[in-house]
Amino acid sequence: MTPEIHEYEPEATRRASGDAESSRASRGWWDRNADEYQTEHGAFLGDDRFVWGPEGLDEAEAALLGPASGLKGRDVLEIGAGAAQCSRWLAAQGARPVALDLSHRQLQHALRIGGDVPLVEADAGALPFADASFDLACSAYGAVPFVADPVKVMREVRRVLRPGGRWVFSVTHPIRWAFPDEPGPEGLSVAASYFDRTPYVEQDEAGRAVYVEHHRTLGDRVRDVVAGGFRLVDLVEPEWPAWNTQEWGGWSPLRGHLIPGTAIFVCERD
């Protein structure tokens, strides 16, 4: 008789998780889940579309990096690029993007889709570029929510940007951490303290983290930006559009019409 094999379901908990563990968990999680992620969300993201989050706010409309007509010839670093969809859109506007991701498997999907965008596998906290290499930097839900020390990332981004460079990144809206991560009515009642910064960790049977996400309050995020050497130009909280009927994890039309799901920080290097 063949013994029944039970796949271990990671245990969800809230506990401390430092830089090294968070980075290792993120790399492993995205390598394991890149295929499923691209299958599930690839159609929404498109192959060459720049979407800031589950609401569907498009850079072509939002122009948070500046007018599309002004992107031509600009050197742009995309951090947490996944399959490089945003970088392909930037390249189509005449920019010179570089797509960086921690996950080898995500970058393999970028190769599968194709295009001429340079791909770099590296950690956002140790960018492998010379000082003042880029005019712009961007990240759509990449890196920032998953690192234990976001100021370290901010300072690295500042280092590789030229004076006057713009840095725009999106994260889960901090208020969402007080609510269950559910798309239905059960996700509309406060279940935890907004001020509890304890990381969300999924760990294996040996207690090793396999997924880590770090909560920062809205004020924390602003202070991180300033501590990283940036000036906050705008904070965008996209409203849920009527055309978007999809659910994406805990994001849904029901919740999106009532509470914000994404926060986009528009920053500049003086």
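A.B. asks: What is the right way to look at the nonpolar core in this model?
C.D. replies: Across soluble globular proteins, you tend to see nonpolar side chains buried next to one another. Grouped together as the largest cluster of nonpolar side chains are 27 residues, with contacts concentrated most on Leu77, Ile79, Phe129, Val157, Trp167 and Phe169. With residues up to four places along the chain from it excluded, the contact list for Trp167 reads Ile79, Ala137, Cys138, Ser139, Val144, Met154, Val157, Leu161, Phe230, Phe265, Val266 and Cys267. By size, the runner-up hydrophobic cluster in this structure holds 18 residues, among which are Phe50, Leu65, Leu71 and Ala95.

A.B. asks: It is not clear to me how the sheet that holds strand S7 (residues 200–203) should be interpreted in this structure. Could you clarify?
C.D. replies: Strands pair in a sheet through their backbones, by hydrogen bonds, and they do so in one of two ways: parallel or antiparallel. Pairing is antiparallel in the open sheet, where 3 strands are placed in the order S1-S7-S8. Both outer strands of the open sheet, strand S1 (11–14) and strand S8 (209–213), are each paired with one neighbouring strand and no more. Averaged over all pairs of adjacent strands, the angle between strand axes in this sheet comes to 20 degrees, irrespective of strand direction. By the bridge criterion, 4 bridges tie S7 to S8 in an arrangement that is antiparallel. Opposite Gln203, over in S8, you have Ala209 as the bridge partner.

A.B. asks: Just to check I follow, could you spell out the side chain of Arg88 for this structure?
C.D. replies: As for its placement among the helices and strands, Arg88 is situated in helix H3 (residues 85–92). At 2.8 Å, the side chain of Arg88 forms a polar contact with the backbone oxygen of Ala83. Those residues within four positions of Arg88 in sequence are excluded, and the remaining contacts are Asp47, Asp48, Ala83, Ala110, Ile113, Gly114 and Val117.

A.B. asks: Could you clarify how one ought to interpret the sheet that holds strand S6 (residues 161–172) in this entry?
C.D. replies: The strand order S4-S3-S2-S5-S6-S10-S9 describes an open sheet built from 7 strands, whose pairing is mixed. The sheet is open, and its two borders are formed by strand S4 (119–121) and strand S9 (230–236), each paired with just one other strand. Taken pair by pair, the neighbouring strands of this sheet meet at an average axis angle of 20 degrees, ignoring direction. With 6 bridges joining them, strand S5 (residues 134–140) and S6 adopt parallel strand pairing. Following the sheet pairing, Ala140 is matched in S6 by Ser170. Contacting strand S2 (75–79), strand S3 (96–101) and S5, H3 crosses the sheet at an angle of about 175 degrees to S3. Along the sheet face, helix H5 (residues 150–160) touches S2, S5, S6, S9 and strand S10 (262–269) and points at about 145 degrees away from the line of S6.

The rules behind each value
Residues numbered from 1 in each chain as written. Predicted model: local features only at pLDDT ≥ 70, side-chain atom pairs only at ≥ 80, totals over all residues. Heavy atoms only, no water. Core = buried A, V, L, I, M, F, W, Y, C linked by side-chain atoms within 4.5 Å. Buried < 20%, exposed > 50% of the residue type's maximum accessible area, 1.4 Å probe, protein only. Contact = heavy atoms within 4.5 Å. Pairing = 2+ DSSP bridges. Helix = DSSP H or I, 4+ residues; strand = E, 2+ residues; numbered from the N terminus. Axes fitted to C-alpha atoms, helices over the stretch in contact; angles between N-to-C directions. Polar contact = N/O pair within 3.5 Å; in protein donor to acceptor, adjacent residues only side chain to side chain.

Keep in mind that these numbers describe shape and distance, not what the molecule does.
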